[in-house]
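# Observations on chain architecture
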Amino acid sequence: MRTTRGTLPGAAAIPVVAALLLCVLGLYPLANQLTGGAAAPWYDHARTFWLLIGGTLLLVLFALSRWAPAAVDTAWRAATTRAMAIPSRVFVGGAALFAFAAAAVIFVACFGRQPHNADEVAQLFHAKILLSGRLALPPDPHPEFFGMDNMIDRTRWYSQFPIGGPAFLAVGLALGAAWLLNPALLALSILSVYGFARRTYGEATARASVLLFALCPFALFVSASFMNHVPVLWLATVAMMQLSIWADTTSHRAANRSAGLIGLAIGVAFTVRPLDALVVAAAVGAMQLASLRGSTVRARSLAVQVVAGLLPVAVLFLVDARTNGAPMRLGYEVLYGSAHQLGFHVDPYGTPHTPERALIFASKYLLQLNVLLFEWPLPAVAIIAAGLAAMRRPTRWDYFLLGLLFVQLAAYAAYWHDGKFRGPRFLFTALPAIVILAAHAPFLLAAVTRGTLRRLVLLTVPACVLVAWLAYPLGNGVGARMRTYRALSRVDPAAMAKAAGLRHALVFINEGVEARNLHYLWELGLTRGSAARLMVSASSCAVRLSIDAEAARQPAREQGRLDRLVEGALAFDAHPPEILPDACVEDVRRDSEGAEGFAPFFPANEIDATGHLGGNVVYALDLGAHNEALRGRFGSRTWYRFERRVVAGDSVPVFTPYSTMR
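Residues numbered from 1 in each chain as written. Predicted model: local features only at pLDDT ≥ 70, side-chain atom pairs only at ≥ 80, totals over all residues. Heavy atoms only, no water.

## Observations regarding the overall build of the chain
When you go through the chain residue by residue, the secondary structure sums to 29 helices and eight strands. Its C-alpha radius of gyration of 27 Å places the chain within 12% of the 26 Å reference for a compact globule of 662 residues. Per-residue burial for the chain yields a buried fraction of 55% across its 662 residues. Within the chain, residue pairs in contact and separated by at least 24 positions form 76% of the contacts whose partners lie at least 6 positions apart. Working note: accessible area of the chain is about 27500 Å², and carbon and sulfur atoms make up 64% of it. The centroid of the 57 positive side-chain charges in the chain is displaced by 16 Å from the centroid of its 41 negative side-chain charges. (Helix = DSSP H or I, 4+ residues; strand = E, 2+ residues; numbered from the N terminus. Rg over C-alpha atoms; globule rule 2.2 N^0.38 Å. Buried < 20%, exposed > 50% of the residue type's maximum accessible area, 1.4 Å probe, protein only. Contact = heavy atoms within 4.5 Å. Areas by Shrake-Rupley, 256 points an atom, 1.4 Å probe, with all protein chains shown as cover. Lys, Arg positive; Asp, Glu negative; His and termini not counted. Charge placed at Lys NZ, Arg CZ, Asp CG, Glu CD.)

If you want it as structure tokens, here you go:
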């Protein structure tokens, strides 16, 4: 039963203002206007798709609504009656099971159950560290061979991420199915979304929300990964569902139970993605303060909530103290220093993060949401905005969902990194609010329209879903997106090593000259940010020669090293020789033979009982002649180089016996 009690007086204009903001940031290409079209270069194509395909769809639906009203009404009543007649457990359970199966199938078919992002790679390896019984490994004697983005590898070896994300993956690894963890959490999230929406918006909107969530490509594609956004999504939905119970209960026991679960969910989320947890805490806390109304039952339960929330936070602080050196110091700051923090400043890569850049990010995320949220032939943000504009009597839950969405958007606009992973990943925690608002929009529009227009608004979302999922030949839609992802390189090191019969082996991966330079810079002691800035300021050849000159410097001196490296690289590019130096010629030759990303191989490394790399196969970066530095540690192993060869038109992975002559 929909909860209307608690409507905030004098705030009816908030949904309209929110709709205008969504239009300005998410429909009008503001990000492109501020960047000369660089922020979303695909926007013109998307707009053409909406006008042609979406416009045609609306014309067809209008014609049906106008000239076949009886047939449309009969079909709509029959479909909705049958859908509502399905027992809720069957309906919601079926949707959750579909989402789990779809995400799992996508993980296999499109991504080969392998990581495709540096965040995934680092957290998978960190999960292996936890399963070895350690919070961190001792630093590797040769970190240049095993360096990886987002990994701290100096005084200790572990990922930059808070302990919660790797801990979730460690559970999956312990069960032998880490790749199924996120699909399972997505399914659980759908159950919680239903529980929240049913109590706050009624059965019809709840079922519509469940269907849209289960058929949301953005949710499915992100869940077909090892990213830590999905555990936080689940925890956020748990907090939302319990909030909907807490807000209306008069029972001490029920209030304490819901408050405890809210606190625990947000606290655990803080150990995974602290900023997202703070956003959820702000939205939930504001809702709770507005819902107290002198209720001593609910007021007293907040103490339980605080205690339950602080328990996992205390665990995080303890882990941070032992690994990062201080309870409130995150691994991000160990790698990048204060430049990683939220706010307006120069970011770790030397780019000023300004209010204008934050505005560009906010607009860009909403523009991406139009396409990647549902893959509909109409912009998703436009449908949400239309529903908000039609809202006549907003409830406290409308304000809650809008608060969650806009606080999440503002928080990550103020964050210097432009986060995209199969969509605007920094909005993923707000996905429940976004999907419920989209699902509720047709009901709101239907309430203020009649006749042909009412039929049109009711048919639009179901028709968009059908086009997105069934119009496979179109260049846009779920099928097209799956074809794009299937074209990505999929590498399964364990399966390839088993097929090749490798035993007690060391395998070198040539990742290319830029990766080699980057790892050499790390070995020389440069921070991630300084190394990245140097890499983009000069040519690969110039950086390589500057590295060689610094490595040959006797005696070695760290003071002034970054300045010398920069000056050397820029001096070479300012007056390049007519003949390319031998070292650069060798780099070009090596890379012409093929390069492969090290990321999928890195988390395939095993950890032995001493906390060092071991197992049947060890994977290392191919650093040319410098590889001999590993002879003392791994000389008893058979050495190989990983290559790809074209056989009958196909790229075939090959483990070639190692040769120092290259």
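So much for the structure itself; the text now carries on.
## Here's the deal with helix α6 (residues 118–131)
In a regular helix each residue adds 1.5 Å, so 14 residues correspond to 20 Å; α6 covers 20 Å between its end C-alpha atoms and thus fits that length. Most of α6 is tucked away, with 12 of its 14 residues classed as buried. Regarding α6, the residues found buried are D119, E120, V121, A122, Q123, L124, F125, H126, A127, K128, I129 and L130. Those residues of α6 that are buried lie in contact with β1 (151–152), β2 (158–159), α8 (164–174), β4 (606–607) and β5 (613–614). Taken from the residues just after α6, G133 is the one with a positive phi, measuring 90°. (Expected span 1.5 Å × (residues − 1).)

## Focus: the packing of helix α12 (residues 229–246) against helix α14 (residues 274–291)
The interhelical angle for the contact between α12 and α14, taken along N-to-C directions, is 5°, at an axis separation of 11 Å. In terms of orientation, α12 and α14 fall into the roughly parallel class. Residues V232, A236, L243 and W246 of α12 form the contact with α14, whose own contacting residues are D276, V280, V284, M287, Q288 and S291. (Axes fitted to C-alpha atoms, helices over the stretch in contact; angles between N-to-C directions. Parallel < 35°, antiparallel > 145°, perpendicular 65-115°, else oblique.)

## A few points about the packing of aromatic side chains
What the rule picks out here adds up to 35 aromatic pairs. Relative to F426, the ring of Y412 has its centre 4.3 Å away and its plane inclined at 20°; by these criteria the two rings are stacked. Of this pair, Y412 sits in helix α19 (residues 396–413) while F426 sits in the loop between α19 and α20 (431–447), and the two are 14 residues apart along the sequence. Both residues of the pair, Y412 and F426, belong to the buried class. Here the aromatic residues Y336, Y349, F361, Y365, Y412, Y415, W416 and F426 are joined through ring pairs into a cluster of three or more. Of note, R113 hangs over the ring of W179, and the distance from its end group to the ring centre comes to 5.2 Å. Above the face of the Y485 ring, R422 is positioned so that its terminal group lies 6.0 Å from the ring centre. (Phe/Tyr/Trp six-rings, centres within 6.5 Å; stacked < 30°, edge-to-face > 60°. Lys NZ or Arg CZ within 6 Å of the ring centre and 35° of its normal.)

## Some details on unusual backbone geometry
Residue P555 is bonded to the preceding Q554 through a cis peptide linkage, with omega at -5°. In this structure, P555 sits in the loop between α26 (540–551) and α27 (561–574). You will see that R113, though not glycine, has its phi angle at about 60°, which is positive. Within the secondary structure, R113 sits in the loop between α5 (88–111) and α6. For R113, a relative accessible area of 38% translates into the label partly exposed. For H504, which is not glycine, the phi dihedral falls at a positive 50°. Inspection of the secondary structure assignment puts H504 in the loop between α23 (493–500) and β3 (505–509).

## With respect to the pattern of salt bridges
Pairing between side chains becomes possible if they bear opposite charge and their charged atoms approach one another. On inspection of all chains with the given rule, the structure shows 22 salt bridges. Note that E203 and R207 form a salt bridge whose closest N and O atoms lie 2.7 Å from each other. Residue E203 and its partner R207 are located together in helix α10 (residues 203–214), separated by four residues, close to a single helical turn. The exposure class assigned to E203 is partly exposed, which follows from its relative accessible area of 23%. (Salt bridge = Lys/Arg side-chain N within 4 Å of Asp/Glu carboxyl O.)

## Some thoughts on the environment of V654
Note that V654 resides in strand β8 (residues 650–657). Separated by 13 residues in the primary sequence, V654 and R641 have C-alpha atoms spaced 8.2 Å apart. Not counting chain neighbours up to four residues away, the residues in contact with V654 comprise R641, F642, E643 and R645.

## Structural notes on the state of the cysteines
For the structure on display, the rule yields one disulfide. Here C23 is not disulfide-linked; the sulfur of C464 is the nearest cysteine sulfur, at 16 Å. For C23, a relative accessible area of 30% translates into the label partly exposed. Note on C216: no disulfide assigned, nearest cysteine sulfur contributed by C464 at a separation of 14 Å. By relative accessible area, which is 0% here, C216 ends up buried. (Disulfide = S-S within 2.5 Å.)

## Digging into the packing of helix α9 (residues 181–201) against α12
Viewed as axis vectors pointing N to C, α9 and α12 meet at an angle of 20°, and their least axial separation amounts to 8 Å. The orientation of α9 with respect to α12, classified from their angle, is roughly parallel. Helix-helix and strand crossings are classified by hand; for α9 and α12 the assignment is left-handed. When α9 is examined against α12, the residues N182, L185, L186, L188, S189, S192, V193, G195, F196, R199 and T200 are found in contact with a partner set consisting of V230, P231, L233, W234, T237, V238, M240, M241, S244 and I245. Of the residues contributing to the contact of α9 with α12, the split by class is 13 nonpolar, seven polar and one charged. (Left-handed = near helix turned anticlockwise from the far one by under 90°. Nonpolar A, V, L, I, M, F, W, Y, C, P; charged D, E, K, R; others polar.)

## Things to note about helix α15 (residues 296–323)
For α15, which comprises 28 residues, the first-to-last C-alpha distance of 42 Å matches the rise-based estimate of 40 Å (1.5 Å per residue) to within 8%. If you look at α15, its biggest bend is around 25°, right at L311, and the proline P312 turns up within four residues after that. When α15 is considered as a whole, its buried residues turn out to be V297, R298, S301, Q305, A308, G309, P312, V313, L316, V319, D320 and T323. Buried residues along α15 sit in contact with β2, α12, α13 (252–270) and α14. A positive backbone phi angle near 95° is found at G325, which sits one or two residues after α15. (Bend = angle between axes of the 7 residues up to and from the residue.)

## Observations concerning the side chain of E643
Tracing the backbone through its elements, the reader meets E643 in strand β7 (residues 638–647). A relative accessible area of 18% places E643 in the buried class. Polar contacts involving the side chain of E643 include one to the side chain of T656, which spans 3.0 Å. (Polar contact = N/O pair within 3.5 Å; in protein donor to acceptor, adjacent residues only side chain to side chain.)

## Structural notes on a nonpolar patch on the surface
On the surface, L580, V585 and V588 cluster together into a nonpolar patch covering about 250 Å² of accessible area. Following the sequence through the fold, V588 ends up in helix α28 (residues 582–592). Its relative accessible area of 53% is what places V588 among the exposed residues. (Patch = residues over 30% accessible without salt bridge, like charges linked within 9 Å, V, L, I, M, F, W, Y side chains within 5 Å.)

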